[in-house]
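Observations on the three-dimensional arrangement
As a plain string of letters, each chain reads:
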Amino acid sequence: MSVATLDLSRIAPAFADPVRESQAVFREVMECMARPGRITRFDRAPQAPTGLGQAAGAGALTLFDFETLVWLDPALADSEAEAWLRFHCGCPLTTNAQDAAFAIVTDMAKAPNLAAFNQGDAKYPDRSTTVILQIASLEGGPVVTLSGPGIQTTTDIAPQGLPQDFWTQIETNQAQFQFGVDVLLVSGDQLLALPRTTTAQIKGG
């Protein structure tokens, strides 16, 4: 699907004030990256199309552009969400997880393992994939204790809707620092970050 063939009448609006609002979202995302486990809310972000929550949509509008290859969950292929992203962000899409600068995952049970995405390399470790992972909720799930840079001692989070092996993937991801992906967990209008430097342990596990 190309922008030229999009039905523009069906594409929902994005930021009303793109410069100011994207700057505000960027600051919040960076603050969450600096303070892993901190939950932020984008309650004034535009309503994204079906398949994308407000936080995922706001993050995409802020981080994606015509130079960033994006891996999009196959569940969103040829959807209004895909058209919205391509129109407002201008981002090219890839089906190769290794090539992606960013990824949006809506069904992790059917998505590639985190290790399948770009892990960075010795020359450009910062060019690894940032994975935006949509889940049921950032609260109410099994308690997980985080530690590492940006966390004074430890902090607890309780996301729900993650597959059983997710935290094993995070452990493997953290163990290979400076390589590895950064993960943004999003649900509705909420976001929290799990940088590759963060250690996670299931409480009681």
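What comes next is a walk through the structure. (Residues numbered from 1 in each chain as written. Predicted model: local features only at pLDDT ≥ 70, side-chain atom pairs only at ≥ 80, totals over all residues. Heavy atoms only, no water.)

1. Structural notes on helix 2 (residues 54–63)
In terms of burial, helix 2 is largely enclosed, as 10 of its 10 residues are buried. Taken together, the buried positions of helix 2 are occupied by Gln54, Ala55, Ala56, Gly57, Ala58, Gly59, Ala60, Leu61, Thr62 and Leu63. (Buried < 20%, exposed > 50% of the residue type's maximum accessible area, 1.4 Å probe, protein only. Helix = DSSP H or I, 4+ residues; strand = E, 2+ residues; numbered from the N terminus.)

2. Some points on the packing of helix 1 (residues 18–34) against helix 2
Packing of helix 1 against helix 2 brings their axes to within 9 Å, and their N-to-C directions diverge by 105°. Overall, the two elements helix 1 and helix 2 adopt an arrangement that is roughly perpendicular. Of helix 2, the residues touching helix 1 (which contributes Ser22, Val25 and Phe26) are Ala58, Gly59, Thr62 and Leu63. Of the residues assigned to the contact of helix 1 with helix 2, the class counts are 4 nonpolar, 3 polar and no charged. (Axes fitted to C-alpha atoms, helices over the stretch in contact; angles between N-to-C directions. Parallel < 35°, antiparallel > 145°, perpendicular 65-115°, else oblique. Contact = heavy atoms within 4.5 Å. Nonpolar A, V, L, I, M, F, W, Y, C, P; charged D, E, K, R; others polar.)

3. Some points on the packing of aromatic side chains
Going through the model one piece at a time under the given rule, you end up with 3 aromatic pairs. Geometrically, the ring pair formed by Trp71 and Phe117 is edge-to-face, given 5.6 Å between the ring centres and 85° between the ring planes. One end of the pair, Trp71, is in strand 2 (residues 70–72); the other, Phe117, is in the loop between strand 4 (102–105) and strand 5 (130–134), with 46 residues separating them in the sequence. The exposure class of Trp71 is buried, given its relative accessible area of 6%. When the ring centre of Tyr124 is taken as origin, the NZ or CZ atom of Arg127, which lies over that ring, is 3.6 Å away. (Phe/Tyr/Trp six-rings, centres within 6.5 Å; stacked < 30°, edge-to-face > 60°. Lys NZ or Arg CZ within 6 Å of the ring centre and 35° of its normal.)

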